[in-house]
Amino acid sequence: MIHKMALDELDSLGKKIIEGFQLSDDYLKALLSLESEEELEKLYNAARKVRDHYFGNRVFLNCFIYFSTHCKNQCSFCYYNCKNEINRYRLTQEEIKEICRALKGAGFHMIDLTMGEDPYYYENPDRFVELVQMVKEELVLPIMISPGVIDNTTLLKARDKGANFFALYQETYDVELYRKLRVEQSFDNRVNARRFAKEQGYCIEDGILTGVGNDIESTILSLKGMKTNDPDMVRVMTFLPQEGTPLSNFREKSNLSELKIIAVLRLMFPKCLIPASLDLEGIDGMVPRLNAGANIVTSILPPNSLLEGVANYDRGLEERDRDIKSVIKRLESMGMRPAQQAEFKVVLGS
Ligand code: SF4
């Protein structure tokens, strides 16, 4: 019954959202249950309509610098969890400076400084603040920080040195599932760190995983959980089993595809940044994600980079097609183009 109702309305849904329509739980359920290609195309169409209304054909480009793959945590889904015996790296300040120099004028709207919860930085968080300051001075671009649940004092210091965006993914708002994913980490501390950052003037990014045991009810819980934080950027990523981790053999036949959730995110969060990540399927995967309503390309690596992404479909491959020039070329073939830096400032509210 609900399912049918939503189907009939799919053609006009984009327009309704632009006019301020809010999705009820039943409506969300109907959208997340859509299955046929025809229904899904209509859903993506509605999401694109909303995205184009607010952002036109302009796309933002986020540069990913994963500067330390050390981590003290043991998230069950993550390749970099501390129990996994893998090669890790921690770039020196000088190496990061070199990367920044290679990035000058490349056309990025924001630089994402990401690390695991690396004890080297957690024991002396001013090291992290210095890094933020150095990158800001080198590039004079908006900076996103993704350092994990870092303390409030450090968040404030980093903000004062030029950090604009704080990314911290809850992964799920289903507390049972959270316990299985973010093993031995506090649910509330994570929520509170994000909330604090928002109150203190950061833009914030939240994110969820799909394909990791989340059903429709659990997904709705997560979508609504993200909404309570008033985020500026919301992401969904498909869980990709990682070698050497507790979930390495987990396989799920879920119909809660990343594309479907991206489209629902666009309808729930019309004005937010929504990533098309290169992490799972590279530039070929960017296209359907943008066509489902995304508007910022993330996990673009610095030129000639051997740095890590997050899930890394291309780990170990010699050719990594994840550079900004290839991204822009593909965007243009889709009739889209990179936004102006000034347009990103509007997003940041500065
Ligand atoms: S998801 Fe982040 S905090 Fe968790 S193990 Fe991986 S790097 Fe560490």
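For the structure, see preceding data.
The structure displayed is predicted, hence computed values, not measured ones.

Let's shift gears to the overall build of the protein. Helix and strand content of the protein: 14 helices and nine strands. Compactness check: the protein gives a C-alpha radius of gyration of 19 Å against a globular reference of 20 Å for 350 residues, within 12% of the reference. Taking the principal axes of the C-alpha coordinates as reference, the protein spans close to 60 × 45 × 40 Å. Every one of the 350 residues in the protein was classed for burial, and the buried ones make up 56%. The long-range fraction of contacts in the protein, counting pairs at least 24 apart against all pairs at least 6 apart in sequence, stands at 74%.

Next up on the list: the side chain of Ser299. In this structure, Ser299 sits in strand β8 (residues 296-300). Residue Ser299 is classed as buried on the basis of its relative accessible area of 5%.

This next bit is on the site of the ligand. Within the structure, the ligand sits among Tyr66, Cys71, Asn73, Cys75, Phe77, Cys78, Asn81, Gly116 and Arg182. Its residues assigned to classes, the shell around the ligand shows five nonpolar, three polar and one charged.

Attention now goes to the nonpolar core. Leu31, Leu61, Phe67, Ile111 and Ile145 are the most contacted members of the largest nonpolar core, which totals 105 residues. The contact partners of Ile111, leaving out residues within four places of it in the chain, are Asn62, Cys63, Ile65, Leu103, Val135, Leu139, Leu141, Pro142, Ile143 and Met144.

Before going further, it helps to spend a moment on the side chain of Thr172. In this fold, Thr172 is placed in the loop between β4 (163-167) and α8 (175-181). Aside from chain neighbours lying at most four places away, what touches Thr172 is Leu177, Tyr178, Leu181, Phe187, Ile208, Ser218 and Ser222.

Another point: the pattern of salt bridges. Applying the stated criterion across every chain yields a total of 24 salt bridges. Salt bridges linked by common partners bring Glu98, Arg101, Lys104 and Glu138 together as one network.

The geometry of helix α3 (residues 37-55) relative to helix α11 (residues 258-268) is characterised by a closest axis approach of 9 Å and an angle of 45 degrees between their N-to-C directions. When the axis of α3 is compared with that of α11, the two are oblique. Crossing of α3 over α11 shows left-handed handedness. The residues of α11 that touch α3, namely those facing Leu40, Leu43, Tyr44, Ala46, Ala47, Val50, Arg51 and Phe55, are Leu259, Lys260, Ala263, Arg266 and Leu267. Residues of the contact of α3 with α11, tallied by class, amount to 10 nonpolar, no polar and three charged.

Note on placement: Val346 falls in helix α14 (residues 341-348). A relative accessible area of 65% places Val346 in the exposed class. Distance in space between the C-alpha atoms of Val346 and Tyr80 is 35 Å, their sequence separation being 266 residues.

To continue, consider the packing of aromatic side chains. Under the counting rule described, the total for this entry stands at 13 aromatic pairs. Their ring planes at 90 degrees and their centres at 6.2 Å tell us that Phe55 and Phe60 sit as a pair that is edge-to-face. Here Phe55 matches Phe60 in class, with each residue buried. Arranged with centres 5.1 Å apart and planes meeting at 80 degrees, the rings of Tyr66 and Tyr80 form a pair that is edge-to-face. Remark: Tyr80 occurs in the loop between β1 (58-68) and α4 (93-103) and Tyr66 occurs in strand β1; sequence separation between them is 14 residues. Across this residue pair, the class does not change: Tyr66 and Tyr80 are buried. Through a chain of ring-to-ring contacts, the aromatic side chains of Phe64, Tyr66, Tyr79 and Tyr80 assemble into a single cluster. The side chain of Lys16 reaches across the aromatic face of Phe21, ending 4.2 Å from its centre. It is Lys72 that lies over the ring of Tyr122; its NZ or CZ is 4.8 Å from the centre.

Here we take up the environment of Tyr169. The topology assignment puts Tyr169 in the loop between β4 and α8. Among all residues touching Tyr169, those that are not within four sequence positions of it are Arg182, Arg190, Arg194, Glu205, Asp206, Gly207 and Arg235. Here Arg235 takes part through its side chain, which lies 3.0 Å from a polar atom of the side chain of Tyr169.

A few words on the packing of helix α12 (residues 282-291) against helix α13 (residues 324-333). Between α12 and α13, whose axes approach to 10 Å, the crossing angle comes to 40 degrees. On the basis of their axis angle, the class for α12 and α13 is oblique. Here α12 and α13 pass one another in a crossing that is right-handed. Contact residues: Ile283, Asp284, Met286, Val287 and Leu290 in α12; Ser326, Val327, Arg330 and Leu331 in α13.

Of note in this structure, Asp230 is not a glycine but carries a positive phi near 50 degrees. Structurally, Asp230 is set in the loop between α10 (216-227) and β6 (233-238). Phi is positive for Ser299, which is not a glycine, with a value near 65 degrees.

Procedures and definitions
Residues numbered from 1 in each chain as written. Predicted model: local features only at pLDDT ≥ 70, side-chain atom pairs only at ≥ 80, totals over all residues. Heavy atoms only, no water. Helix = DSSP H or I, 4+ residues; strand = E, 2+ residues; numbered from the N terminus. Rg over C-alpha atoms; globule rule 2.2 N^0.38 Å. Buried < 20%, exposed > 50% of the residue type's maximum accessible area, 1.4 Å probe, protein only. Contact = heavy atoms within 4.5 Å. Near = heavy atom within 4 Å. Nonpolar A, V, L, I, M, F, W, Y, C, P; charged D, E, K, R; others polar. Core = buried A, V, L, I, M, F, W, Y, C linked by side-chain atoms within 4.5 Å. Salt bridge = Lys/Arg side-chain N within 4 Å of Asp/Glu carboxyl O. Axes fitted to C-alpha atoms, helices over the stretch in contact; angles between N-to-C directions. Parallel < 35°, antiparallel > 145°, perpendicular 65-115°, else oblique. Left-handed = near helix turned anticlockwise from the far one by under 90°. Phe/Tyr/Trp six-rings, centres within 6.5 Å; stacked < 30°, edge-to-face > 60°. Lys NZ or Arg CZ within 6 Å of the ring centre and 35° of its normal. Polar contact = N/O pair within 3.5 Å; in protein donor to acceptor, adjacent residues only side chain to side chain.

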